[in-house]
Amino acid sequence: MEEQQNQETHRKNWHDRHYKHLLIIPLVLLLFSLVYLGIFHSKNNDFFYKDISLTGGTSVTIYEKLNIEDLNSFLEGELSEVNLRKISDLISGEQVAIVVETTAESNEAREVLENYLGYELTEENSSFEFTGSSLSNAFYRQLIIALFVAFVFMAIVIFIIFKTPVPSGAVVLAAFADIIMTLVTVNILGIKMSSAGIISLLMLIGYSVDTDILLTNRVLRRHEGTLNEKLMGSVKTGLTMTLTSLVAVTVALLVVKSFSETLNQIFTILLIGLIFDMLNTWITNVSILKWYVERKK
Amino acid sequence: MVCGEEKMKKLSFRIWLWIVIIILALMSIFLSSNGFTLFQKGALITSVEHNSTSFEQGLRQGQIIVSINGNLINNAEDFLKYIQENFPAENDIKTTIKTKDAEVIIFSNQAPNITVSDIPKTSLKAGLDLAGGARALVQAEGKSLSSEEINDLVSITTNRFNVYGLSDVSVKPILDLSGNRFMSIEIAGATPKDLEELIENQGKFEAKIGNETVFIGGNRDISSVCRNDATCAYIETPQQSSDGNYYSTFRFSIYLSEEAAKRHADVTNKIEINSSNPEYLSEPLGLYVDDSLADTLLISKDLKGQVTTQISISGSGTGATEQDAYNDAKANMQKLQTILITGSLPYKLEIVKLDTISPLLGEDFLKYILLAGVAALIAASLIIFIRYRKIKQASFVVLISFSEVIIILGIAALIEWNLDLASIAGILATIGTGFDDQVVLLDESRNRATSSSLKERLKKAFAIIMGAYFVVLVSLLPLIWAGAGLLKGFAITTIIGISVGVFITRPAFSDILKRIEE
């Protein structure tokens, strides 16, 4: 018991000495992310890869066990920008359907696929989802605006809650870093973002900020205990919060992975975001806040 | 006994509110117009063709068929199997259909003109991406529509779908963040094969006397239709008829082109005056929309052989009260005007989004989502249990989260919200924030380091929770309007979810914690 306590004081001392240096880790990561995004943007004229829900095109789900390689080689040259995916049963692992994504229009895709299959695609054996490119472009622009507006609204609420600029700024910075780092990871993994992906970035704002609010609230509004005690208490609560979310998201991801691309992407992005949230709350935000409180003394 | 009463007294208002709302939510989920149907067996009638024998004998949409000629019907499949085996028959046969509350006997060699489905076990409605169906977003080609134009388009399209015999269709105008207007069309269940044509079709309207076409829709024959102008489109004061009901007559003018007016004169010239009703001609004017008869109008004898460009079209509405009769007449007038204008839709339509989703995988899908939800809940509560080592607290965390899902679903059932994938993502997001908030409450309640009372500590926890709540709330607002409303489901469900959490379940949880800690 005593040993444990000694260890704890030791750790706190270590943190007292090094918390400013710790800030270097997220700062370097954030700088790298911003540079990466800058280069990515100049290359692709966009901040991430978009799937057909944002570029326009057709997604066809055919409920049959089709050979994916065979179909792929057939479709090459027939349809533009084809992308194939299997849907399989969670328990047996057996393929139940195949998803064909293409930037072609739905009637064109239907014709080509029916040629390959040799039978008609009806609502009994297939699903079609077509989005025109003008709509998806508008869609994309608006989602980006929504994300931006949501971020600004969040920042305003944070400033209203805490009123002081530095702690509020720290929360907003942590959320910003969280989203940027997640976005870069998504790009590095080569994930094509759908509208659901952008939604999950929006969800991330909420998930990322609640631990920051907890931390800032405990440190600034509580009058009992030392700064380190308050920080430690917040870490305990906050990590439990993030950990439960993390575990829940991971388990859900495993279940839906083979089934729904939409939910798959939401959970993947949340998972990445929650990991960066730990870094940005417990290093970025804690260090800035500690610095702020120490200076005020 | 005394002890028990004391315990009852201790249940605070907030816990009672939570319990009552859960019960209401369960009722909203499981009670439908057919009562409690979770264990009901049979086949639900989803539509009955108008003017069919089945309709005349009293079969109606929403009734539940429990047996047919003594054969028990457990589900829609049983019913369809029986129909397939016995129809069409060579001679008229007697078919006794027993519904939950009545018995209908039909003599026919044809299958009853009804469609059935399995009885929904709850009043929850699955969205398109889960239950199957079709969704289309439509814009005018190369033209941005005003709000009036889009409303006209919506009523014309709705009317058209009705004329086509599709009733389970929702047509709505949508305005997105950039001010673009769309018409959204959603069709549940089976997708009509020629949906695209049906939507984009500018419409074929014909007015016929006998077999002869007098004029067709569109500005070639009908130069204009009087609407929203009291001088040429009005509804007369309702009169009481001999049977006690009220009826009201409406009149409005349409203007024919010269050519059409001439044709009208030529055709009517050949027709006799009706001997039994001498005010009118013996043949009525039939209004056909895409070759099916939508309405018939009697032609006044004064119009016989006349070249008139202005034709007064009249009809009536009835009702039990004056107001009902007036409203009925008004609705009928609008319907007719719409039909006449339908042909003259002044722009071409373009389908900018069209999804036709097969219902095939929907059930599997729901199963997986449920599994994912339960697995995630168990995993997260395991973390809570490992962290606090208190089975009581941990199980209340799970119970509260579970109740939150029930309350959200109850509200969804109440406001007839279609649960699509986006809404389910919203529910998952809610459970996530709910868990986080409860961890905050739990930690505060167990924080014995401070001298402040439990009540004060919980109050502090609520400051944090409310802060997080407002952040999520404002960050979701833009989503309601972005992207032609396709993500509204996510935004609304999450907003409902987190609000339920902050105002109902979290206060209850905090009181439960007080009880446990004390």
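What about the overall build of chain B?
A count of helical and extended segments in chain B gives 14 helices and 23 strands. Relative to its 518 residues, chain B shows a buried fraction of 41%. Of the contacts made within chain B by residues no fewer than 6 positions apart, 70% connect residues no fewer than 24 positions apart.

Details of unusual backbone geometry
Positive phi, close to 60°, is recorded for asparagine 45 of chain A, a residue that is not glycine. Residue classification places asparagine 45 of chain A among the exposed positions, given that 7 C-beta atoms sit within 10 Å. Even without being a glycine, asparagine 69 of chain B presents a positive backbone phi close to 45°. When you line up the elements, asparagine 69 of chain B lands in the loop between β4 (64-68) and β5 (71-72).

So, the sheet that holds strand β4 (residues 126-131) of chain A
Taken together, 8 strands build an open sheet; the order of strands is β2(A)-β3(A)-β1(A)-β4(A)-β22(B)-β10(B)-β12(B)-β11(B) and the sheet is antiparallel. In this open sheet, the two edge strands, each paired with only one partner strand, are β2 (83-88) of chain A together with β11 (169-175) of chain B. On average, adjacent strands in this sheet sit at an angle of 20° to one another, irrespective of strand direction. In terms of strand pairing, β11 of chain B meets strand β12 (residues 181-188) of chain B through 7 bridges, oriented antiparallel. Each residue of the ladder has a partner; that of isoleucine 174 of chain B, found in β12 of chain B, is phenylalanine 182 of chain B. Relative to strand β1 (residues 57-62) of chain A, helix α5 (residues 106-117) of chain A is tilted by about 40°, and along the sheet it contacts β1, β3 (95-102) and β4 of chain A together with β22 (349-357) of chain B.

Structural notes on the environment of lysine 304 of chain B
Residues and elements named next belong to chain B. Mapped onto the elements, lysine 304 comes out in the loop between β20 (292-297) and β21 (310-319). For the pair lysine 304 and glycine 317, spaced 13 residues apart in sequence, the C-alpha to C-alpha distance is 26 Å. When neighbours within four sequence positions are excluded, lysine 304 is seen to be in contact with Thr268, Asn269, Ile271 and Leu281.

What about the nonpolar core?
General note: in soluble globular proteins, nonpolar side chains tend to be found buried as a group. Met154, Ile158, Leu202 and Ala252 of chain A together with Ala425 of chain B are the most contacted members of the largest nonpolar core, which has 160 residues in total. Of all hydrophobic cores here, the second largest spans 27 residues; its members include Ile209, Ile222, Ile235 and Phe250 of chain B.

Here we look at the environment of threonine 262 of chain A
Tracing the backbone through its elements, the reader meets threonine 262 of chain A in helix α10 (residues 261-296). The spacing of threonine 262 of chain A and valine 152 of chain A is 110 residues in sequence and 26 Å in space, taken between C-alpha atoms. Once residues lying within four places of it in the same chain are set aside, the contact partners of threonine 262 of chain A are Ser194 and Ala196 of chain A together with Leu421 of chain B.

What counts, and where the lines are drawn
Residues numbered from 1 in each chain as written. Chains lettered and ligands numbered in written order. Predicted model: local features only at pLDDT ≥ 70, side-chain atom pairs only at ≥ 80, totals over all residues. Helix = DSSP H or I, 4+ residues; strand = E, 2+ residues; numbered from the N terminus. Buried ≥ 20, exposed ≤ 12 C-beta atoms within 10 Å, placed from the backbone. Contact = placed C-beta atoms within 7 Å. Pairing = 2+ DSSP bridges. Axes fitted to C-alpha atoms, helices over the stretch in contact; angles between N-to-C directions. Core = buried A, V, L, I, M, F, W, Y, C linked by C-beta atoms within 7 Å.

Any link to function would need more than the numbers given here.
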